[in-house]
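Each chain, letter by letter, is given below.
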Amino acid sequence: MKVFERAEDLLHIHSDLGSQQLAFIPTMGALHQGHLSLVRAAQAKGHKTIVSIFVNPLQFNNSEDLLKYPRTLQADLKLLDDQGVDWVFTPNIDEMYPASIADVEVDLGLLEDRFEGAFRPGHFHGVVQVVYRLFKYVNPSEVFFGQKDLQQCLVIEQLIEQVFPHIKMHRVQTMREDSGLAMSSRNVRLSPESLLKAAEISKSLKDIATRKEEFCEAIDLHSQRLAAIGIEVEYLNCVSLPWMDALECDHFTKEPNPSNGHQNAVIFAGSLNGVRLIDNWVF
Ligand code: PAF
């Protein structure tokens, strides 16, 4: 496994690919099995893999969250090496935001300001700018993102459609602990007791997704249930993809239909003892 800090070193990668495709997995480090499942999904397709590790200040609207974000570079590199990753890109801030690269304009429609966009103003602007630069530097043919960050996946799909139509996007299913808790770099900040409580979130999402016509009642019930164990709910909604329009309570109009790609999702964000958690259940 080779580790590069400079974008210009990435140019050599393409001549070492042979007949294989280059699959890219962008990360902010603090890697766990969820990240490795993205690598494995790319390797299963026979691709060479490159992972980036860069904690992007532009996407943190809360400076404390940025400060507390776990940084575990040596352990991350070991995990990636053991997983057989071919290249790792670990740029610094000057490499990622040189004066020579102007911001990209991407029309995110309503995705920019609802749910994560509303609770984390400027977040998706930051995500789009860093991923735009990473895609330009790495020039991958396929990219792999975790479905746990569902709204981020939808945003990246817009970036790809509007700026990088040649890139193939893969949304990879969320990896969960045995308890059902979605794996996340932030979970290390939860105590054993909080981990048990946080596991209740996925149970709520799964239950709401099965309720069809009664999903609004189920949302109320589960919001109260989660609040009662100390989880501060920011949002808990049933939406249709890809624009995250909230489904109407009185008529469940948007039946999921996998044959035409139509999907719904129950989405959640909240916090527990100061740790922000998100999760979703796509159906
Ligand atoms: O999902 C993440 O880890 C980050 O948002 C990403 C895509 C690496 C951009 O900084």
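Residues numbered from 1 in each chain as written. Predicted model: local features only at pLDDT ≥ 70, side-chain atom pairs only at ≥ 80, totals over all residues. Heavy atoms only, no water.

1. Looking at the state of the cysteines
Logical step 1: Within the structure shown, the criterion is met by one disulfide.
Logical step 2: Across the disulfide from cysteine 216 sits cysteine 249; the S-S distance is 1.8 Å. Linking cysteine 216 and cysteine 249, the disulfide has an S-S dihedral of approximately -90 degrees and is accordingly described as left-handed. With cysteine 216 in helix H9 (residues 215-228) and cysteine 249 in the loop between strand E8 (245-246) and strand E9 (264-272), this residue pair connects regions lying 33 residues apart in the sequence.
Logical step 3: Take cysteine 216: its relative accessible area is 14%, and that puts it in the buried class.
Logical step 4: Of all cysteine sulfurs, the one in cysteine 238 lies closest to cysteine 153, which takes part in no disulfide; the gap is 18 Å.
Logical step 5: Cysteine 238 gets classed as buried once you look at its relative accessible area, which sits at 2%. (Disulfide = S-S within 2.5 Å. Helix = DSSP H or I, 4+ residues; strand = E, 2+ residues; numbered from the N terminus. Buried < 20%, exposed > 50% of the residue type's maximum accessible area, 1.4 Å probe, protein only.)

2. Re the packing of aromatic side chains
Logical step 1: Taken as a whole and assessed by the stated rule, the structure comprises eight aromatic pairs.
Logical step 2: When the centroid spacing of 5.8 Å and the interplanar angle of 45 degrees are considered together, the rings of phenylalanine 119 and tyrosine 235 count as tilted. In this pair, phenylalanine 119 sits in helix H5 (residues 116-119) while tyrosine 235 sits in strand E7 (residues 232-240), placing the two residues 116 residues apart along the sequence.
Logical step 3: What makes phenylalanine 119 partly exposed here is its relative accessible area of 39%.
Logical step 4: A residue is classified by how much of its surface remains accessible, and tyrosine 235, at 7% relative accessible area, is buried.
Logical step 5: Pairing phenylalanine 135 with phenylalanine 164 gives two aromatic rings, centres 5.3 Å apart and planes at 80 degrees, and the pair type is edge-to-face. Taken together, the residues phenylalanine 135 in helix H6 (residues 123-138) and phenylalanine 164 in the loop between helix H7 (150-163) and strand E6 (168-172) connect sequence positions 29 residues apart. Each member of the pair, phenylalanine 135 as well as phenylalanine 164, is classed as buried.
Logical step 6: Within the aromatic cluster, the residues linked to one another by ring pairs are Phe24, Tyr132, Phe135, Phe145 and Phe164. (Phe/Tyr/Trp six-rings, centres within 6.5 Å; stacked < 30°, edge-to-face > 60°.)

The quantities given are spatial measurements derived from coordinates; they are silent on function.
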